[in-house]
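Residue-level structure breakdown
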Amino acid sequence: DAGVIQSPRHEVTEMGQEVTLRCKPISGHNSLFWYRQTMMRGLELLIYFNNNVPIDDSGMPEDRFSAKMPNASFSTLKIQPSEPRDSAVYFCASSLGGSGANVLTFGAGSRLTVL
Amino acid sequence: KQEVTQIPAALSVPEGENLVLNCSFTDSAIYNLQWFRQDPGKGLTSLLLIQSSQREQTSGRLNASLDKSSGRSTLYIAASQPGDSATYLCAVHTGYSTLTFGKGTMLLVSP
């Protein structure tokens, strides 16, 4: 398996533009997580899907952020409109079952810079 | 709210030294604790997972211990090598989906 695949790896955009980050989880994994990493706040969970259904989105910062998982092999995280404070590395991770007893496998991340 | 603290924030050692990374958490009601490694510009790689009922886990030169009652975990790295240079993150699991991360310890092992 190629692991968790994220795209784009790097994105530079201007404030106000729409940003869409993509994730392909490991085949067979039924849980998918979106995390954001910054120097100030470290890693924060944004949203968690189980069997394509959003279970916990309490970490989504505000209405400008939305996430979808239309099928078991694809998820998107959208920011509209983007702001400079959204600059961070966004990670997608997947696991078989919840993140409890099962190891999370992380993607390489998408580094977002909003100017 | 669970808070995870890792000390030190950065550590520099010469090759061959044994070292200990520390992790503390405020809420002892955890399901498990995981240690991850993150290389620059890369994602996280899980190193060890310790269930709440366990005291330690070992993998090669790595040994992680857990004292749930005191809210502490340590990651012991034996005979460190330059290839061990990375950021090490501790994360505790306190709900079905809630994994709270520390900010990590940046380790540099010099030849």
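The following paragraphs examine the structure supplied in this document. Bear in mind that the values here come from a model prediction, so they are computed numbers and not experimental data. (Residues numbered from 1 in each chain as written. Chains lettered and ligands numbered in written order. Predicted model: local features only at pLDDT ≥ 70, side-chain atom pairs only at ≥ 80, totals over all residues. Heavy atoms only, no water.)

1. With respect to the state of the cysteines
All names here are of chain A. In this structure the tally under the stated criterion is 2 disulfides over all chains. Paired by a disulfide, Cys-23 and Cys-92 hold their sulfur atoms 1.9 Å apart. Its torsion about the S-S bond being -65 degrees, the disulfide of Cys-23 and Cys-92 is classed as left-handed. Separated by 69 residues along the polypeptide, Cys-23 in strand S3 (residues 19-24) and Cys-92 in strand S9 (residues 88-95) bring together distant segments of the chain. (Disulfide = S-S within 2.5 Å. Helix = DSSP H or I, 4+ residues; strand = E, 2+ residues; numbered from the N terminus.)

2. Considerations on the sheet that holds strand S8 (residues 72-77) of chain B
Residues and elements named next belong to chain B. Strands sit in the order S1-S3-S8-S7-S6 across an open sheet of 5 strands; the sheet is antiparallel. Of all strands in the sheet, those with a lone pairing partner are strand S1 (4-7) and strand S6 (56-59), marking the two edges. Across the sheet, the mean angle separating the axes of adjacent strands is 15 degrees when strand polarity is ignored. (Pairing = 2+ DSSP bridges. Axes fitted to C-alpha atoms, helices over the stretch in contact; angles between N-to-C directions.)

3. A short note on the interface of chain B and chain A
Facing the 19 residues of chain B at the interface are 25 residues of chain A. Between the two partners, chain B and chain A, sit 0 salt bridges. Connecting chain B to chain A are 3 residue pairs in polar contact (both at pLDDT 80 or more). Contributing elements (two or more residues each) for the side of chain B that touches chain A: strand S4 (32-38), strand S5 (44-51), strand S9 (86-93) and strand S10 (99-101) of chain B. (Contact = heavy atoms within 4.5 Å. Salt bridge = Lys/Arg side-chain N within 4 Å of Asp/Glu carboxyl O. Polar contact = N/O pair within 3.5 Å; in protein donor to acceptor, adjacent residues only side chain to side chain.)

Any link to function would need more than the numbers given here.
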